[in-house]
Every structure is written in structure tokens, then in C-alpha cells.
Amino acid sequence: MNATAMETTKLALGPLLYYWPREAVLAFYREAAGWPVDSVYLGETVCSRRRELKLADWVAIGEDLARAGKEVILSTAELIESDADLRTMHAVAGNGAFRVEANDMAAVRALAGKGPFVAGPFLNVYNAGTLSLLAGLGATRWVAPVELSRDGIAAVVAEGPPGIETEVFAYGRLPLAVSARCFTARYNNLTKDHCEFRCIEHPDGLALDTQDGEHFLILNGVQTQSASVQSLAPVIDEARAAGANVLRLSPQSRHTGEVVAVFRDAVAGALGAAEAVARLAPLMPAAACDGYWHGKPGIELERGRVREHVPETEVRP
Amino acid sequence: MAQAAPLSPKAPARMKLVCPAGTPPALRVAVDNGADDVYLGFKDETNARNFAGLNFDDRSIRDGVDYAHRRGAQVLVALNTFPQPSTWRKWRAAVDRAADLGVDAIIVADAGLLAYASKTHPQLRLHLSVQGSATSHEAINFHHEHFGIRRAVLPRVLSVEQAEKAIQRTPVDIEVFGFGSLSIMVEGRCALSSYATGESPNTHGGCSPAKAIRWQQSPRGLESRLGGVLIDRFGEEDHPGYPTLCRGRFVVNGDTYYPFEEPTSLNTLELLPRLQAMGVKAIKIEGRQRSPVYVETVTRVWREALDDCAREPQRFRVKPAWQEALAGISEGRQCTLGAYHRPWK
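Since we're looking at a predicted model, the values are computed, not measured.

**Describing the overall build of chain A**
Each helix and strand counted, chain A has 11 helices and 12 strands in total. In terms of overall dimensions, chain A is globule-like: its C-alpha atoms have a radius of gyration of 19 Å, near the 20 Å expected for 317 residues. Seen along its three principal axes, the alpha-carbon backbone of chain A occupies a region of about 55 × 55 × 40 Å. Split into buried and exposed, the 317 residues of chain A put 55% on the buried side. Taking the contacts inside chain A whose residues are at least 6 apart along the sequence as the reference set, 68% of them involve residues at least 24 apart.

Here's what the structure looks like:
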């Protein structure tokens, strides 16, 4: 890698995907102000019923982070269903202070032609044609869908519009799906409208295992995540070569600052792949995966993953 | 700031019946039994039912268009997956093919592909696929303003009240799902399948691909695995279903249950008068992967129901014979109203 690439690779703290008590959120971002990240994404992207923080609170957090030198980006919701959801989206889009990450086409419509925005990971940008369209509407950065492989990202970047920033999901449990149904409420035999906000009891989501004991998924309200933690720490050089210039790190309830520090060292070229993996291992809430990056099932780990609790009788293809 | 569009009720009109065809025989029985529109796909990953033995080549599409047009039906081609990075030109070629074959509309999810189609084939009617994840009138109107879409298929996530509001605020005709396999996740927003198998609807045109499935007998029962992941385990009394990931039984805090959804089918027959009154323009039947017998049964029942509803909506009653016929072909033999019924959420 060359010195320019090292200098220009940014670290971004992704939006908080879980529901934490207000004080925990405020404390988290007070700490984040001192972490070596370049961009911080803020706002509630998963569930409109989560109201520990209002938009004004997120803006206030953003102002503190901006004073600490961070580039602040407000994210819109992953799923818009109701009029209230639309009003919230417009309030975020029109916040006037910070750049906005659009996570559905209603948000793109609200932001189009009104200045730079970020094309979020849920916009399904799988090809250069779609990326060019969004760039024409004002997107100055795009976040690749989690399914896109290294080669896929490289192909989009190679044929896509020049100058647009490319961000990849470099660390964290992968947001895999969203539903109208709340699976945390369902687990508690509650409906979404009367959910009692139970996801606040699960600061890293609710673990779902297979019947033979494999840690498989995480229920996070209406969102479903991977149980394994995707980590691109061992392949940062590959990510740069593919054209990624922003690495997204997804918040978890513990050790996020230390994870950021590992990635900062790795980006600066001060850590080998093996050392990065070793330093991250005790900071991760579950085993690592990176299959998507290598064009394989996302659950896999390229360099010799031993999947947990898989029975002896299993027939692997 | 939210745009407060006026609520202008649209005059109820007869709803179109949109039926699936995975093969030419299915297309013919759909047309013969009263489908207004039949939708189908090419034999490749440009459509979201990319399964072996399914779908159409150019000749069978020409024949199908001819068969349908002679009987007053229309043919829609689903190009409803996301063009992949290195092969995206293949999807553009598929749009050109569909236009050349004289189909009545194409059903598209990807914004870039819609842009191409609207620019290159301005006469070709565009429908926004459910995979386009347009869950509000504003998202639908985005596609209308930029690509001139004429119809949009609503994701199966909205309640009846939410769907009605969307209809009132868009000039685009709205199609909703009436019957078939129920998607638990927002269409176009689910990567569970690729997490376990490397292939998803967005990337390869299929969920839980057959080649990733293993069935095996174990001391604890018959096990179904997807990409090696145990999806479910069946006893003697169970009816083993296709191991779609979101229909599996998993364990949360020691409880073994269906964390996402039981194996059920969506069936909105009882909502027909309401859907008609609120201005839904078309009802979609899921199931291009299903047999001609399925297509024949479901088309016949829904044609009769839609005709009854159009004739005398106030007196519309779901006939037991319809429900019986549909129950025989439903997944898991149970039916649900899904998200249309708010407590489902």
C-alpha cells in the first residue's frame, strides 16, 4: 500500500443499532469524542418506537462530536411504514446541520438535488449504473450492501462515478434483514404495538441458536443480525485495493473504543493481519466471520474457521 | 418537513388478477382460468425465481405473449433482481430482450436498471417490483418521477391502513399480494439466505437455494439443513416443509420455537372488498415455483372471488369451497393475513 492510501483511509463509527438507555447512549458518545474515528453516524435507524433519544438529542450529540473534530452524519431509518416515520425522515433529512445518510428511496427523494448525501447500505447499490444514478442526485459517498464481495465492490468502483467515497462494513454483527414484525416482541409473546420496549434489555441483541447449538443469528427488534462478527481487520490492504476509503465499525455495548484503536493501528500500517486478529479476539462478543468479503456465505471465515457446536453427524458439502 | 398531500379518494374499479407462470403450461392455465396479467421470468438470475426447470426462453415467451394476447391477457416479465457488479450489462440486455419480445410490461427492482429502461425503451411499461422495497408513497413517487413507473407492488409489510394512505398519495397504480408464500422480511432487504448459503434473492434470484439443502435422518428426527445450518428437526407427526431460513425452528434462551414465522401462506380473500374500495388496482398471486395445478386452482378461485367482489362488494362473502381449495395448496395448510392485520407485527 502507498502512503496516500494510508492517509486517506477513514474510520467511521456506524449508527448504533441497539436500544440502550439514554444515559448509556450519552456516555458512549462522550467517550467516542476521544476515539480516533473520522466519521460518526448518528440516529435511530432500526425502530421508530425507540424513543430514549429524540432527533434534538442526536443533533446535540452531533454538535459535541463535531467540536471534537468528527465528521457527523445523521442516518435515516432502514424501514419507513407510517406517516410518523415519514415525518421523522424529513426532519432528519432537513436537519440543516449535518450530512445525511439515506437508507431508503423516500429519503433519497427528500435529499436529491439539495446537496451532498451518503447513499446508505440499505439502498441496494449492487452496480455502477445505480451508483451513477445516486451520484447524479448528490451522493458523495456510498456504503456497500453487506452481501457485496471484495471483487464486487472493486467492480462497482472501477466503473462507477469518479470521486465518490466508498464505505464498507468492516467490523460488527451484520445487519442482515428487516421486517415489519418485531422478533423481540414475538419472543416475549407481545405485539409490536405493545412491545414494552423489551429490546432495551438486550444491549447486544437477543441470541438465536440452532437446535444443535450453533450461534447463528441475533434478534434486534425488527432487525435480524448475524451472530458472528464480521471483521475485515486482516484484509485492510485488500479493502483499499478494492477502492474502499472508509471502514465502518458498528457499535457494540463493550470495547468499541478498543476496537477502534485496533483498526486505527491497522490502517496506519502498524499492525500485521495476525496481530490485528489477536488483538480483536478478546474484544469481540462472538466468533469472527468474513465470508461475504470473499464471495462466500457470510457466516464463513476465510482463514480456517472452526464453527461452534456443529455435530459430528453433519454432512458438509 | 412532511409533504401533506391531499387525500383524494379514487373511484373503486375492478382489480386485475396477476398470476404466476413458471412454465408455459402454467401460463396457459392462468390465462384459461381468467388471469388478467401473467408474470414470468427468463431462465437466469435476472429474476427472483431462478430455479432449475423453471422459466422461459425467447420462443416460449413469444408463444406465451401470443397465447395471452389472443385471449385478452397481458404478459409481464420479472427482471426483479439486482444487476451484479461485473455482469450488470446482462440485465440491460434482458430489458432489451423483453422489449423486443413485445411483452406488456417489465417488473424491475433496481433503480439503475429502471433508469436504463425508461431512457432506452420509453414505450415499455415499467412496474416497480416488490424487491424495490418502496414502503411509502414517497418512495413510490421517487420511482414515478425519475422513471415513469406505472404500477408498484407494495412490500408485504404494510397494514391495510398504511397501504390505503400510500394509494391516496401516488398517481402510480398499486398492486398488492393476495395469496401465496408470505415473506417475513421486507422484500429486497433480506440477506439471511446469502449469510448461510452465499446466494440470496438480491444477488442470485433465489432464497434458500435447493443445492444448499441437506435432509438427513438423525436419532432426534429428520433434519433439514441449509448451508450446513440446522433449520429444523421433524418428528413423526410433523409435516416437513422446505427449509426456508425464516420458517425454521430455533432456540432463544432455551425456548425452541419459530422465532420468525410458522409455515403459513398469505391469504387476503376476506379483505377483497376493502382492498377494492381503497383503490388497489391489482392483486398478485405468488408462486412461479409452483405447479400448473397450483396456478390453475388459485387462478380459478381468485377470478371468481374478484368477479363476485366487483359485482356486489357489499354482499361479498368468502365461499367455503374457495378456502377449501386454497387450503389444499397452502404452505403448512394454514393461512394468515400477515401484516395487513396489525397484530401480526
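**A word on the packing of helix α1 (residues 24-32) of chain B against helix α2 (residues 58-70) of chain B**
In helix packing, the relevant descriptors are the interaxial angle and the interaxial distance, both defined with respect to the helix axes. All names here are of chain B. Running from amino to carboxyl end, α1 crosses α2 at an angle of 10°, the nearest separation of the two axes being 10 Å. Considering their axes alone, α1 and α2 lie roughly parallel with respect to each other. Seen from α1, the contacting residues are Pro24, Leu27, Arg28 and Val31; seen from α2, they are Ser60, Asp63, Gly64, Tyr67 and Ala68. For the contact of α1 with α2, the per-class residue count stands at five nonpolar, two polar and two charged.

**Quick look at the sheet that holds strand β11 (residues 229-234) of chain B**
Residue and element names in this part refer to chain B. In space, the three strands of this open sheet follow the order β9-β10-β11, with antiparallel pairing throughout. Here the strands that pair on one side only, and so sit at the sheet edges, are β9 (213-218) and β11. With direction set aside, neighbouring strand axes in the sheet form an average angle of 25°. Inspection of the sheet shows β9 paired to strand β10 (residues 221-226) by six bridges, in the antiparallel sense. Counted as the bridge partner of Arg214 is Arg225 from β10.

**Some details on the domain arrangement of chain B**
A common way to state how big an interface is: give the accessible area lost once the parts meet. All names here are of chain B. As assigned here, chain B comprises domain 1 (16-182 + 264-344) and domain 2 (192-257). One C-alpha centre belongs to domain 1, the other to domain 2; they are set 27 Å apart. Contacts between domain 1 and domain 2 engage 12 residues on the former and eight residues on the latter. Looking at side-chain class alone, the side of domain 1 that touches domain 2 contains three nonpolar, six polar and three charged residues.

**What about the interface of chain B and chain A?**
Contacts between chain B and chain A engage 63 residues on the former and 59 residues on the latter. In the side of chain B that touches chain A, the residues fall into 33 nonpolar, 21 polar and nine charged. In this structure, strand β7 (residues 165-179) of chain A lies alongside strand β8 (residues 185-190) of chain B, joined through two bridges in antiparallel fashion. Bridged to A:Ala177 within β8(B) is B:Cys190.

**Comments concerning unusual backbone geometry**
Across the chain, the bulk of peptide bonds are trans and the bulk of non-glycine residues have phi less than zero. Here the phi dihedral of A:His255 falls at roughly 70°; this positive angle occurs in a residue that is not glycine. With respect to the helices and strands, A:His255 occurs in the loop between β11 (246-249) and α10 (256-267). Backbone geometry places B:Ser133, a non-glycine residue, at a positive phi of 55°. By the element assignment, B:Ser133 lies in the loop between β5 (126-128) and α5 (137-147).

**Points about the pairing of strand β4 (residues 105-108) of chain B**
Residues and elements named next belong to chain B. Burial along β4 is two-sided: the face carrying Ala105 and Ile107 and the face carrying Ile106 and Val108 are both buried. In this structure, strand β3 (residues 74-79) lies alongside β4, joined through four bridges in parallel fashion. Residue pairing for β4: Leu76 is matched across the bridge by Ala105. As a crossover connection, the stretch from β3 through helix α3 (residues 89-100) into β4 is right-handed. Sheet topology note: the β4/β5 ladder contains three bridges and is parallel.

**Digging into helix α6 (residues 160-168) of chain B**
Residues of α6(B) that are buried: B:Gln162, B:Ala163, B:Glu164, B:Lys165, B:Ala166 and B:Ile167. Looking at the buried residues of α6(B), the elements they touch are α4 (83-93) of chain A together with α5 and β7 (173-181) of chain B.

**Quick word on helix α3 (residues 55-67) of chain A**
All names here are of chain A. Over its 13 residues, α3 runs 18 Å from end to end, which matches the ideal 18 Å to within 8%, given 1.5 Å per residue. Trp58, Ile61, Gly62 and Leu65 are the residues of α3 that are buried. For α3, the angular spread of the buried residues around the axis is 105°, confining them to a single face. In α3, those exposed residues whose orientation departs by more than 90 degrees from the buried face are Ala56 and Arg67. Buried residues along α3 sit in contact with α2 (22-32), β2 (39-42) and β3 (71-75). Once α3 ends, the next one or two residues include Gly69, with phi positive near 95°.

**Details of the packing of helix α10 (residues 292-311) of chain B against helix α11 (residues 320-327) of chain B**
Residue and element names in this part refer to chain B. Here α10 crosses α11 at 155°, and the two axes come no closer than 10 Å. Compared by their axis directions, α10 and α11 come out roughly antiparallel. Here α10 runs over α11; the crossing is left-handed. The residues of α11 that touch α10, namely those facing Thr297, Val298, Val301 and Ala305, are Trp322, Ala325 and Leu326. Residue composition of the contact of α10 with α11, by class: six nonpolar, one polar and no charged.

Procedures and definitions
Residues numbered from 1 in each chain as written. Chains lettered and ligands numbered in written order. Predicted model: local features only at pLDDT ≥ 70, side-chain atom pairs only at ≥ 80, totals over all residues. Helix = DSSP H or I, 4+ residues; strand = E, 2+ residues; numbered from the N terminus. Rg over C-alpha atoms; globule rule 2.2 N^0.38 Å. Buried ≥ 20, exposed ≤ 12 C-beta atoms within 10 Å, placed from the backbone. Contact = placed C-beta atoms within 7 Å. Axes fitted to C-alpha atoms, helices over the stretch in contact; angles between N-to-C directions. Parallel < 35°, antiparallel > 145°, perpendicular 65-115°, else oblique. Nonpolar A, V, L, I, M, F, W, Y, C, P; charged D, E, K, R; others polar. Pairing = 2+ DSSP bridges. Domains from an automatic or database assignment. Right-handed = clockwise from strand over helix to strand, strands pointing away. Expected span 1.5 Å × (residues − 1). Arc of directions from axis to C-beta. Left-handed = near helix turned anticlockwise from the far one by under 90°.

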